[in-house]
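Observations on the model geometry
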Amino acid sequence: MLIDDTTPTTSSNDWRTPFIKYLSDGSEFQDKTENERLIRRSRNYILVDGKLMRKNASSEVLLKCISQDDGVKLLDDIHAGSCGNHAASRTLVEKAFRAGFYWPTAVADTEKLLLASLASILQRTSTLLLEPLPFFSEAPNLLL
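Now for a description of the structure that goes with this document. Owing to the predicted nature of the structure, the values given are computational and were not obtained by experimental measurement.

**Here we look at unusual backbone geometry**
The phi angle at Asp49 is positive, at roughly 55°, despite the residue not being glycine. Here Asp49 lies in the loop between β1 (45-48) and β2 (51-55). Note on Asp49: relative accessible area 75%, which makes it exposed.

This is how it looks when you write it as structure tokens:
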């Protein structure tokens, strides 16, 4: 899977845009509360060649910040890939983070992905369960 390397435009609804604007030219929000929140949260991020990176608290590894859409595609590749497995949501998120990617809604996106996957499996198997089995149709005759 290819991850989009482009920097989000200012008109996009990308979660990275406020951080990139603040770190590059110091632009802030008009709302004081939102501005304080941005300043507090931006301490975990840096710009490297115009790309937003998140500093990992436990180690010196930088995680590449990706859009939510790219994150969902990445999770889908991990979950359904040829070497993937059908693991719990936090396990899939840990794999994405270990691969060096970050986005803030990763856990919620993974839970949605797994619920959708489970729903499709149940939908496929429910048609098999609703069909009558041949030996059940003759069961009443066996009781007589």
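Next comes the rest of the write-up.
**Here we look at the packing of aromatic side chains**
To describe a pair of aromatic rings, you give the distance between the ring centres and the angle between the ring planes. Inspection of the entire model under this criterion finds seven aromatic pairs. On the basis of an interplanar angle of 80° and a centroid distance of 6.0 Å, the ring pair of Trp15 and Tyr102 is categorised as edge-to-face. Here Trp15, found in the segment before α1 (17-25), pairs with Tyr102, found in strand β4 (residues 101-102); they are 87 residues apart in sequence, far enough to count as distant. Just as Trp15 is buried, Tyr102 falls in that class too. Pairing Phe97 with Trp103 gives two aromatic rings, centres 6.3 Å apart and planes at 85°, and the pair type is edge-to-face. In this structure an aromatic cluster arises from ring pairing among Trp15, Phe19, Tyr45, Phe97, Tyr102 and Trp103.

**Some words on the pattern of salt bridges**
Tallied over the entire structure, the rule returns two salt bridges. A salt bridge links Asp14 to Arg16, with the shortest nitrogen-to-oxygen separation between them at 2.5 Å. In this structure Asp14 comes out as buried when scored by relative accessible area, which is 14%. Here Arg16 falls in the buried class, since its relative accessible area comes to 7%. In this structure, Arg37 and Glu34 form a salt bridge, with 3.9 Å as the shortest nitrogen-oxygen distance. Here Arg37 and its partner Glu34 are both found in helix α2 (residues 32-41), three residues apart, which amounts to about one turn of the helix.

Conventions adopted
Numbering of residues begins from 1 in every chain and follows the order in which that chain's sequence is written. Whole-chain, interface and lining totals are the exception, using all residues; otherwise, since this is a predicted model, local features are given only for residues with pLDDT of at least 70 and side-chain atom pairs are given and counted only at 80 or more. To obtain the side-chain values, all non-hydrogen atoms of the structure were included, while hydrogens and water were left out. Going along the chain from the N terminus, every DSSP run of H or I of four or more residues is numbered as a helix, and every run of E of two or more is numbered as a strand. When a residue's accessible area, from a 1.4 Å probe over protein chains only, is under 20% of the maximum for its type it is buried; when over 50% it is exposed; and in between it is partly exposed. Pairing of aromatic rings covers Phe, Tyr and Trp, the last counted by its six-membered ring, and requires centre-to-centre distances within 6.5 Å; plane angles under 30 degrees mean stacked, over 60 mean edge-to-face, and any other angle means tilted. Salt bridge, as used here: a side-chain nitrogen of Lys or Arg that lies within 4 Å of a carboxyl oxygen of Asp or Glu.

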